[in-house]
Amino acid sequence: MPEMPADTPAARLSAVRDRVAAAAREAGRDPAAVTLVAVSKTFDADHIRPVLEAGQRVFGENRVQEAKAKWPGLKADFANVELHLIGPLQSNKAREAVELFDVIHTVDRPKIAHTLAAEMARVGRRPRLFVEVNTGEEPQKAGALPREAAELVRLARDELGLPVVGLMCIPPVDEEPALHFALLAKLAKELGIAELSMGMSADYETAVNLGATCVRVGSAIFGHRG
Ligand SMILES: *Cc1c(COP(=O)(O)O)cnc(C)c1O
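Below or above, wherever it landed, is the structure these notes cover. (Residues numbered from 1 in each chain as written. Predicted model: local features only at pLDDT ≥ 70, side-chain atom pairs only at ≥ 80, totals over all residues. Heavy atoms only, no water.)

With that settled, consider the overall build of the protein. Scanning the protein from terminus to terminus reveals nine helices and eight strands. Taken over the C-alpha atoms alone, the protein extends approximately 60 × 40 × 30 Å along its principal axes. Looking at the protein as a whole, 49% of its 226 residues qualify as buried. Partitioning the contacts of the protein with sequence separation of at least 6, the portion at a separation of at least 24 is 58%. If you sum the accessible surface of the protein, you get close to 10600 Å²; carbon and sulfur atoms cover 52% of it. (Helix = DSSP H or I, 4+ residues; strand = E, 2+ residues; numbered from the N terminus. Buried < 20%, exposed > 50% of the residue type's maximum accessible area, 1.4 Å probe, protein only. Contact = heavy atoms within 4.5 Å. Areas by Shrake-Rupley, 256 points an atom, 1.4 Å probe, with all protein chains shown as cover.)

Structural data, given as structure tokens:
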């Protein structure tokens, strides 16, 4: 049996793009103001290639080592790839992260802000940064608590001069994501921050509705992760 067109990654990508654009228009926003980050973590180069061939250029990975293994080869074949780190960043991986990624979504503590400042100066690249906020105040989850976010932004952006462009959150799995997206949007507004990284496969339309400028969508494009 031939594969149904709707089951190919390229067809799913196209459907997600349409839904992002529709959600933006519905909210009175410019669809071009929302970047779709295709989250390719756990998928190998052969799975990523068709999505690149379909024109997608912005990808998210959650591990530095995995990205380092997969992306140099793909970048040699496809121009203008933009890589986003969406997973936790350890200080001892900061240099490689600065070398490889164009955007880092997970600045979550003062120490990593200091380390990134040092590595950016040394490497001579300045990936754009998002400060991760633990909007659900979950003990096991990374991110600055909402009440700590202003201080972390002040340190990273104002004191260290880092290119902080946005705030990022991952809502608790069992809560209404809209409440967390709205909280993140409110914090960003208070801090004079323009970008919001929020929304995954299950809730990216809600996120766009509430102002997301980056949605991070994995399984809705690539299928279920093994
Ligand atoms: C895996 C991951 C995503 C994508 O999740 P899906 O539900 O597959 O869309 C988005 N953001 C982060 C931080 C992730 O780790």
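The backbone phi angle of N80 is positive, close to 65°, even though this residue is not glycine. Mapping N80 onto the fold places it in the loop between helix 3 (64-77) and strand 3 (82-85). For E137, which is not a glycine, the phi torsion comes out positive at approximately 45°. As for its position among the elements, E137 is in the loop between strand 5 (128-132) and helix 6 (146-159).

Next up on the list: the environment of G199. By the secondary structure assignment, G199 is in the loop between strand 7 (195-197) and helix 8 (204-209). The class of G199 is buried, set by a relative accessible area of 1%. For the pair G199 and R63, spaced 136 residues apart in sequence, the C-alpha to C-alpha distance is 19 Å. Filtering out sequence-adjacent residues up to four positions away, G199 remains in contact with F181, Y204, A207, V215 and R216.

Okay, the nonpolar core next. As a rule of thumb, nonpolar side chains are buried together in soluble globular proteins. In this structure, F59, W71, F101, L116, L167, V215 and I221 are the most contacted members of the largest nonpolar core, which totals 63 residues. Ignoring any residue separated from it by four or fewer positions in sequence, one finds F59 in contact with V37, A38, S40, I48, V51, L52, W71, E82, L83, H84 and F222. Ranked by size, the runner-up nonpolar core spans six residues in total, among them V58, V103, F130 and C214. (Core = buried A, V, L, I, M, F, W, Y, C linked by side-chain atoms within 4.5 Å.)

Counted under the stated rule, the structure contains two aromatic pairs. Consider the rings of F43 and F222, whose centres lie 5.2 Å apart with planes at 25°: the pair is stacked. Of the two residues, F43 is situated in the loop between strand 1 (35-39) and helix 2 (45-53) and F222 in helix 9 (residues 219-222); the sequence distance between them amounts to 179 residues. Per residue, the accessibility class of F43 equals that of F222, and both read buried. Relative to W71, the ring of F59 lies with its centre 4.8 Å away and its plane at 45°, an arrangement referred to as tilted. You can see F59 sitting in strand 2 (residues 58-61) and its partner W71 sitting in helix 3, a full twelve residues away along the chain. Residue F59 shares its accessibility class with W71, and that shared class is buried. (Phe/Tyr/Trp six-rings, centres within 6.5 Å; stacked < 30°, edge-to-face > 60°.)

Take the site of the ligand next. Neighbouring the ligand are V39, K41, I86, M168, I170, M200, S201, R216, V217, G218, S219 and R225. With respect to the ligand, the side chain of K41 contributes an N or O atom lying 2.7 Å from an oxygen atom. The separation between an oxygen atom of the ligand and a polar side-chain atom of R225 is 2.8 Å. Here the residues of the shell around the ligand are counted per class, giving six nonpolar, three polar and three charged. (Near = heavy atom within 4 Å. Polar contact = N/O pair within 3.5 Å; in protein donor to acceptor, adjacent residues only side chain to side chain. Nonpolar A, V, L, I, M, F, W, Y, C, P; charged D, E, K, R; others polar.)

Burial analysis of strand 5 places four of its five residues in the buried class, which makes it a mostly covered element. Examined bridge by bridge, strand 4 (residues 103-107) and strand 5 share three bridges and lie parallel to one another. Looking at the pairing, V103 lines up with R128 of strand 5. Read as a crossover between parallel neighbours, the route from strand 4 over helix 5 (residues 110-123) to strand 5 is right-handed. Note that strand 5 and strand 6 (residues 164-168) share four bridges and pair parallel. Bridging across to strand 6, F130 finds its partner in G166. One crossover worth recording links strand 5 to the parallel strand 6 by way of helix 6, and it is right-handed. (Pairing = 2+ DSSP bridges. Right-handed = clockwise from strand over helix to strand, strands pointing away.)

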